Amino acid sequence: MSRRKLLVPEAREAMDQLKARVSGVNDPKEAKFEAAREQGIPLDKGYNGKLTSEQAGKIGGRMGGNMVKELVRMAQENLNKK
């Protein structure tokens, strides 16, 4: 699993939990496999050199997009409480 450098390293655990929640899995390491499964992309544990860049982008794009949507929803909810 690729580990991107976060601006706030202390946020890693919370971001991993968010990734798992929006993917509908318990383990954030399984999130990309769930996203691939939903789109019919054959993602294996280990080497995935056979994937096209389009397929790889669909997996990451879907996860990232869903995470952003959830963060926006959470922010709106938080603003409404104030």
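Residues numbered from 1 in each chain as written. Predicted model: local features only at pLDDT ≥ 70, side-chain atom pairs only at ≥ 80, totals over all residues. Heavy atoms only, no water.

Trainee: Hey, could you run me through the packing of helix 2 (residues 31–39) against helix 3 (residues 53–81) in this one?
Mentor: Helix-helix packing is described using two parameters, namely the angle between the two axes and the distance between the axes. Contact geometry of helix 2 with helix 3 gives a least axis separation of 9 Å together with a crossing angle of 110 degrees. By the angle class used here, helix 2 and helix 3 are roughly perpendicular. The element helix 2 and its partner helix 3 pack so that their crossing is right-handed. Seen from helix 2, the contacting residues are Ala-31, Lys-32, Ala-35, Ala-36, Glu-38 and Gln-39; seen from helix 3, they are Lys-58, Ile-59, Arg-62 and Met-63. Here the contact of helix 2 with helix 3 is built from residues that sort into 5 nonpolar, 1 polar and 4 charged. (Axes fitted to C-alpha atoms, helices over the stretch in contact; angles between N-to-C directions. Helix = DSSP H or I, 4+ residues; strand = E, 2+ residues; numbered from the N terminus. Parallel < 35°, antiparallel > 145°, perpendicular 65-115°, else oblique. Left-handed = near helix turned anticlockwise from the far one by under 90°. Contact = heavy atoms within 4.5 Å. Nonpolar A, V, L, I, M, F, W, Y, C, P; charged D, E, K, R; others polar.)

Trainee: I would appreciate a short explanation of the nonpolar core in the present structure.
Mentor: Within soluble globular proteins, side chains that are nonpolar generally end up buried alongside one another. Counting residues in hydrophobic clusters, the biggest one holds 11 residues: Ala-20, Val-25, Ala-31, Phe-33, Ala-35, Ala-36, Ile-41, Leu-43, Leu-51, Ile-59 and Met-63. Among the elements of the structure, helix 2 and helix 3 are those that each provide at least two residues to this core. Tallying contributions element by element places helix 2 first for this core, with 4 residues. Setting aside residues up to four positions removed in sequence, Ala-35 forms contacts with Ile-59 and Met-63. (Core = buried A, V, L, I, M, F, W, Y, C linked by side-chain atoms within 4.5 Å. Buried < 20%, exposed > 50% of the residue type's maximum accessible area, 1.4 Å probe, protein only.)

Trainee: How should I be thinking about the environment of Lys-69 in this particular structure?
Mentor: By secondary structure assignment, the location of Lys-69 is in helix 3. Along the backbone, Lys-69 and Gly-46 are 23 residues apart, and their C-alpha atoms lie at a distance of 29 Å.

Trainee: How should the packing of aromatic side chains be read in this particular structure?
Mentor: Two numbers describe a pair of aromatic rings. These are the distance of the centres and the angle of the planes. Considering all chains together, one arrives at 0 aromatic pairs under this definition. The aromatic ring of Phe-33 is capped on one face by Lys-45, whose charged end is 4.5 Å from the ring centroid. (Phe/Tyr/Trp six-rings, centres within 6.5 Å; stacked < 30°, edge-to-face > 60°. Lys NZ or Arg CZ within 6 Å of the ring centre and 35° of its normal.)

Trainee: It is not clear to me how helix 3 should be interpreted in this structure. Could you clarify?
Mentor: Residues lying three or four places apart along an α-helix face the same way, a consequence of the helix completing one turn every 3.6 residues. Between its first and last C-alpha atoms helix 3 spans 42 Å; for 29 residues at 1.5 Å apiece the expected length is 42 Å, and the two agree. For helix 3, every residue scored as buried is listed here: Ile-59, Met-63, Met-67 and Glu-70. Of the surrounding secondary structure, the elements contacted by the buried residues of helix 3 are helix 1 (12–23) and helix 2. (Expected span 1.5 Å × (residues − 1).)

Trainee: Any chance you could explain the pattern of salt bridges here in plain terms?
Mentor: Side chains that differ in sign of charge can pair as their charged atoms come close. Throughout the structure, instances matching the rule amount to 8 salt bridges. Put simply, Arg-62 and Glu-38 hold a salt bridge, and the shortest N to O gap is 3.3 Å. Of the two residues, Arg-62 sits in helix 3 while Glu-38 sits in helix 2, which places them 24 residues apart along the sequence. Classification of Arg-62 as partly exposed rests on a relative accessible area of 36%. A salt bridge links Arg-73 to Glu-70; the nearest nitrogen and oxygen atoms lie 2.7 Å apart. Taken together, the residues span about one helical turn, with Arg-73 and Glu-70 both in helix 3 at a distance of 3 residues. Given a relative accessible area of 16%, Glu-70 falls into the buried group. The network of salt bridges with shared partners includes Arg-21, Glu-70, Arg-73 and Glu-77. (Salt bridge = Lys/Arg side-chain N within 4 Å of Asp/Glu carboxyl O.)

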